[in-house]
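# Observations on the three-dimensional arrangement
Chain residues, written in single-letter form:
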Amino acid sequence: MTTAQQNDGPTVRRLQLGARLRSLRLAKGVTRDRAGYEIRASESKISRMELGRVSFKERDVTDLLKLYGIEDQGEHERLLALAREANTPGWWHSYGDVLSTWFQNYLDLEQAAELIRTYEIQFVPGLLQTDAYARAVITLGHGGATNDEIDRRAELRMARKQMLERENPPRLWAVLDEAVLRRPIGGREVLREQIESLIAACEQPSVRLQVIPFESGGHAAAGGAFTILRFPHQDMPDVVYLEHLTSGLYLDKRDDVDHYAAAMGRLTIEAEPPARTPELLRRALRDLEADS
């Protein structure tokens, strides 16, 4: 098993298996309706399977492979293994008490990504947050949460960060609006600690951090924050993730992804170069101390 495969979770496995079954069906010239009949299901069930939106039964996978004329035993075993792994809970399963289903899918995709490009206008990205800053953000979003729930959510966020410390971490390219560095989330001491942590993060080879200063005026992503995930799998397209107050939106259609990729490209040009980021962060620290 490759390093990339070791990082994959159930959502990624479903997407991989669904994409492979779709390619096999098309190569054989089988309609979704015919495939659905073969496994005692509907055409829409086959569509959801191929999009990785439902779990897989090994019996269904076996029947479909037979219909598609796949006689290679190795291929059978590989795809059945994917089906089993697609039904295995991810590491975050133990945090199910504080996790929505839509965000569990994001954690799975994030864990498997080789490149994470993100733009933030209000908060420091979750993967770069300190514990105190994370708790302040969580409290803002979950005003009625108990202390125990805040602890659990903060613990989960700190667990996410560990992916940046693994042997082959994903590359994280974050672009922040300067407002992120000026908004005292949690108070001045919390923000000071957070900015100092960002300065340290600039030393990590896998992290690239840029800031769009106020003086740059308007910029390419006036619509809000977004994240683009890229995977080390040929059969998986890039995914754009947009988070709303009560849900998350995933975009993987080529036109949508291209639109956000172009916006990200413009943002990286409009932002100050990564080499200047430590200087900008230290300036924000000095201004914070001057205002104290």
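Keep in mind the model is a prediction, meaning the values are calculated, not measured. (Residues numbered from 1 in each chain as written. Predicted model: local features only at pLDDT ≥ 70, side-chain atom pairs only at ≥ 80, totals over all residues. Heavy atoms only, no water.)

### A short note on the side chain of Glu50
One can find Glu50 in helix H4 (residues 43-50). Setting aside its immediate chain neighbours within four residues, Glu50 contacts Gly18, Ala19, Leu21, Arg22, Arg25 and Arg32. (Helix = DSSP H or I, 4+ residues; strand = E, 2+ residues; numbered from the N terminus. Contact = heavy atoms within 4.5 Å.)

### So, the environment of Met158
Examined against the element boundaries, Met158 turns out to sit in helix H9 (residues 147-161). For the pair formed by Met158 and Ala134, sequence separation is 24 residues and the distance between their alpha carbons is 8.5 Å. Among all residues touching Met158, those that are not within four sequence positions of it are Gln129, Thr130, Asp131 and Ala134.

### A short note on the sheet that holds strand E1 (residues 115-120)
Pairing between the strands of a sheet comes from backbone hydrogen bonds, and it takes one of two forms, parallel or antiparallel. A sheet is described by the order of its strands in space; here 6 strands give the open sequence E3-E2-E1-E4-E5-E6, paired in mixed fashion. In this open sheet, the two edge strands, each paired with only one partner strand, are strand E3 (207-212) and strand E6 (248-251). Averaged over all pairs of adjacent strands, the angle between their axes in this sheet comes to 15°, without regard to strand direction. Pairing analysis gives 6 bridges linking E1 to strand E2 (residues 171-177), with the strands arranged parallel. When the sheet's bridge partners are listed, Glu120 is paired in E2 with Leu176. (Pairing = 2+ DSSP bridges. Axes fitted to C-alpha atoms, helices over the stretch in contact; angles between N-to-C directions.)

### What to know about the nonpolar core
Most often, soluble globular proteins have nonpolar side chains that are buried together. Core analysis: the biggest nonpolar cluster contains 46 residues, and Leu128, Leu198 and Phe231 have the highest contact counts within it. Per element, the largest residue contribution to this core is 6 residues, and it comes from helix H11 (residues 188-201). Among residues more than four places away in sequence, those in contact with Leu198 are Val124, Leu128, Leu176, Leu181, Leu209 and Leu281. (Core = buried A, V, L, I, M, F, W, Y, C linked by side-chain atoms within 4.5 Å. Buried < 20%, exposed > 50% of the residue type's maximum accessible area, 1.4 Å probe, protein only.)

### Quick look at the environment of Gly18
Positionally, Gly18 belongs in helix H2 (residues 10-28). Sequence-wise, Gly18 and Val137 are 119 residues apart; in three dimensions their C-alpha atoms are separated by 36 Å. Ignoring any residue separated from it by four or fewer positions in sequence, one finds Gly18 in contact with Met49, Glu50 and Phe56.

### Things to note about the side chain of Thr277
On the secondary structure map, Thr277 appears in helix H13 (residues 277-291). Looking at Thr277, its side chain comes within polar contact range of the main-chain oxygen of Leu209, at 2.5 Å. Aside from chain neighbours lying at most four places away, what touches Thr277 is Cys202, Leu209, Gln210 and Val211. (Polar contact = N/O pair within 3.5 Å; in protein donor to acceptor, adjacent residues only side chain to side chain.)

### Re the domain arrangement of the protein
If you check the domain split of the protein, you get domain 1 (10-87) and domain 2 (96-291). On a C-alpha basis, the centroid separation for the pair domain 1 and domain 2 is 35 Å. With 7 residues of domain 1 in contact, the opposing surface of domain 2 contributes 7 residues. Between domain 1 and domain 2, roughly 630 Å² of surface is buried when both sides are summed, and carbon and sulfur atoms account for 59% of that area. The interface formed by domain 1 and domain 2 contains 3 residue pairs in polar contact (both at pLDDT 80 or more). Taken together, the residues of the side of domain 1 that touches domain 2 break down into 4 nonpolar, 2 polar and 1 charged. (Domains from an automatic or database assignment. Buried area = accessible area lost by both parts, 1.4 Å probe. Nonpolar A, V, L, I, M, F, W, Y, C, P; charged D, E, K, R; others polar.)

### Remarks on the layout of surface pockets
Counted as a void, the largest pocket has a volume near 1400 Å³. Elements supplying a minimum of two residues to the lining of the largest pocket: helix H7 (101-112), E1, helix H8 (131-141), H9, strand E4 (226-230), strand E5 (239-243) and helix H12 (254-270). By volume, the second largest pocket amounts to about 790 Å³. As for the second largest pocket, its lining consists of 24 residues, of which Leu15, Leu51, Gly52, Arg53 and Asp252 are closest to the centre. At the level of elements, H2, H4, H7 and E6 are the ones that each hand at least two residues to the lining of the second largest pocket. The greatest single-element share of the lining of the second largest pocket, amounting to 7 residues, is contributed by H2. Looking at the lining of the second largest pocket, its residues break down into 9 nonpolar, 5 polar and 10 charged. (1 Å grid on protein atoms, 1.4 Å probe; cavity = no way out; pocket = protein on both sides within 12 Å on 5 of 7 lines; lining within 4 Å. Points joined across faces, edges and corners; volume = space filled by probe spheres on them.)

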